[in-house]
Amino acid sequence: MKQKRACAVVVGVGAARGIGAACCRRFASEGMAVVVVGRSPHKIDAVAAELRADGATAMAVACDVTRPGDVERLFVAVDDAGWRPALLVYNVGNNVVKPFLKLTPEDIETTWRQCALGGFMVAQGAIPRMLEADAPSTMVFTGATASLRARPPFSAFAAAKAAERALAQSLAREYGPEGIHVAHVIIDGIVDGEQVDRAFKGAGRALRLAKGKNGTLQPDSVADTYWQLHQQPADAWVHELDLRPAAESF
């Protein structure tokens, strides 16, 4: 039987200037085949095309992680390519910024489905394929400050991210002994990417300048850390770490 090629599956790729796309580029630079996964076909197609233009092997798969059928089709596409997930990054979760009494049940459900339910379904798709390979594998969940500390007006986001963190802990305890390194990375600060521009409606650049030197997280630096997690020996695995700019208070 032909051995499957190890690949990196990056779920939650959006803008070219973001953590997901930076992870794709970092893993491709190490010679891994990369599966670029996101909801917006034009965005993931652009990232995959950039990787291929640089000589990497990559494919884009459109996927809404809240839909079981989409998640199933994602891993069928990986199988059909003759690849196996050796490194998976779950980088999903949009913030909802509202005072508590303005939140709707739909707000709570949407954030939970993206962070917790989506993470659950993607992990269920990846883990059997990782175990079949009989080789060390890595699964990284992108968390947030809200994963640990809930405060207004981020009640919905905090509840969903805390659930995702609990999922990551459970997976680490169950599958660490089976050779799967599960890590949860808390992003404690503003990421210098396109998402901050959208969130602050054009004021993102001014905010980044106001933060000053080492005031924002650079996506490429975050991706470097994710790759380091993948390289850790099994006798000294990190499960949880937090990343923040030197100038960020905590």
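What you are looking at is a predicted structure, and each value in this text was computed from that prediction instead of being measured.

What counts, and where the lines are drawn
Position labels on residues start from 1 in each chain and follow its written sequence. The predicted nature of this model means local features are confined to residues of pLDDT at least 70 and side-chain atom pairs, given and counted, to a pLDDT of 80 or more, with totals for whole chains, interfaces and linings taken over all residues. Only hydrogens and water are set aside when side-chain values are computed; all heavy atoms of the structure are taken into account. Put simply, DSSP H or I for four residues or longer makes a helix, DSSP E for two residues or longer makes a strand, and each gets a number counted from the N terminus. Within 3.5 Å is the distance limit for a polar contact, defined as a pair of N or O atoms, with the added protein rule that one can donate a hydrogen and the other accept it, and that residues adjacent in sequence qualify only through two side-chain atoms. We call two residues contacting when some pair of their heavy atoms lies within 4.5 Å. Here, a salt bridge means any side-chain nitrogen of Lys or Arg that lies within 4 Å of a carboxyl oxygen of Asp or Glu. Relative accessibility thresholds used throughout: buried, under 20% of the residue-type maximum; exposed, over 50%; partly exposed, between the two (1.4 Å probe, protein chains only). Stacked, edge-to-face and tilted are the three classes for Phe, Tyr and Trp ring pairs, Trp counted by its six-membered ring, which pair at centre distances within 6.5 Å; planes under 30 degrees apart are stacked, over 60 edge-to-face, the rest tilted. Any two strands with at least two DSSP bridges between them are considered paired. Geometry is summarised by axes, namely lines fitted to C-alpha atoms with helices restricted to the contacting stretch, and by angles between N-to-C directions that run from 0 to 180 degrees. In this text, buried Ala, Val, Leu, Ile, Met, Phe, Trp, Tyr and Cys residues form a nonpolar core when linked through side-chain atoms within 4.5 Å.

A. Inspection of the side chain of Thr-142 at higher detail. Assignment of secondary structure puts Thr-142 in strand S5 (residues 137-144). There is a polar contact of 2.7 Å between the side chain of Thr-142 and the side chain of Tyr-226. With residues near it in sequence (within four places) discarded, Thr-142 still touches Val-89, Tyr-90, Asn-91, Lys-161, Glu-164, Val-185, Ile-187 and Tyr-226.

B. Summary view of the environment of Ile-108. Relative to the assigned elements, Ile-108 resides in helix H4 (residues 105-132). Residues Ile-108 and Lys-4, 104 residues apart in the sequence, show an inter-C-alpha distance of 39 Å. Filtering out sequence-adjacent residues up to four positions away, Ile-108 remains in contact with Leu-103 and Ala-156.

C. Focus on the pattern of salt bridges. Taken as a whole and assessed by the stated rule, the structure comprises 14 salt bridges. Across the pair Arg-73 and Asp-70 runs a salt bridge whose closest N-O atoms are separated by 2.3 Å. Remark: Asp-70 and Arg-73 occur in helix H3 (residues 68-80); sequence separation between them is three residues, near one turn of the helix. The class of Arg-73 is exposed, set by a relative accessible area of 52%. Look at Asp-70 and you get buried, because its relative accessible area is 13%. Among the salt bridges present, the one from Arg-165 reaches Glu-240, with a minimum N-O distance of 2.7 Å. One end of the pair, Arg-165, is in helix H5 (residues 155-175); the other, Glu-240, is in strand S7 (residues 240-243), and 75 residues separate them in sequence. Its relative accessible area of 22% is what places Arg-165 among the partly exposed residues.

D. Local environment of the environment of Gln-218. Structurally, Gln-218 is set in the loop between helix H7 (204-211) and helix H8 (219-231). When the C-alpha positions of Gln-218 and Pro-245 are compared, they lie 8.7 Å apart, and in sequence the two are 27 residues distant. Side-chain polar atoms of Gln-218 contact the side chain of Asp-192, separated by 3.3 Å.

E. Inspection of unusual backbone geometry at higher detail. In the segment running from Pro-152 into Pro-153, the intervening peptide bond is cis, with an omega of 5°. Relative to the assigned elements, Pro-153 resides in the loop between S5 and H5.

F. Broad picture of the packing of aromatic side chains. Evaluation of the coordinates by the stated rule reveals two aromatic pairs. Ring plane angle 55° and centroid distance 5.9 Å describe the contact between Tyr-90 and Phe-141, whose orientation is recorded as tilted. Taken together, the positions of Tyr-90 in strand S4 (residues 83-90) and Phe-141 in strand S5 put the pair 51 residues apart, joining distant regions of the chain. Residue Tyr-90 shares its accessibility class with Phe-141, and that shared class is buried.

G. Region of the structure containing the sheet that holds S7. One open sheet holds the seven strands; their spatial order is S3-S2-S1-S4-S5-S6-S7, and the pairing between them is parallel. Strands at the two margins of the open sheet, each flanked by one partner only, are strand S3 (58-62) and S7. The sheet shows a mean angle of 25° between the axes of neighbouring strands, taken without regard to direction. When strand S1 (residues 5-11) meets strand S2 (residues 33-38), the two strands line up parallel, connected through five bridges.

H. The arrangement of the nonpolar core in detail. Ranked by internal contacts, the top residues of the largest apolar core, which has 34 residues, are Phe-27, Val-36 and Tyr-226. Contributing elements (two or more residues each) for this core: S1, helix H1 (19-29), S2, helix H2 (41-53), S4, strand S6 (180-187), H8 and S7. Element by element, the count of residues in this core is highest for H1, at seven residues. Each residue touching Val-36, except ones within four places of it in the same chain, is listed here: Val-10, Val-13, Cys-24, Ile-44, Val-47, Ala-48, Leu-51, Met-59, Ala-60 and Val-61.

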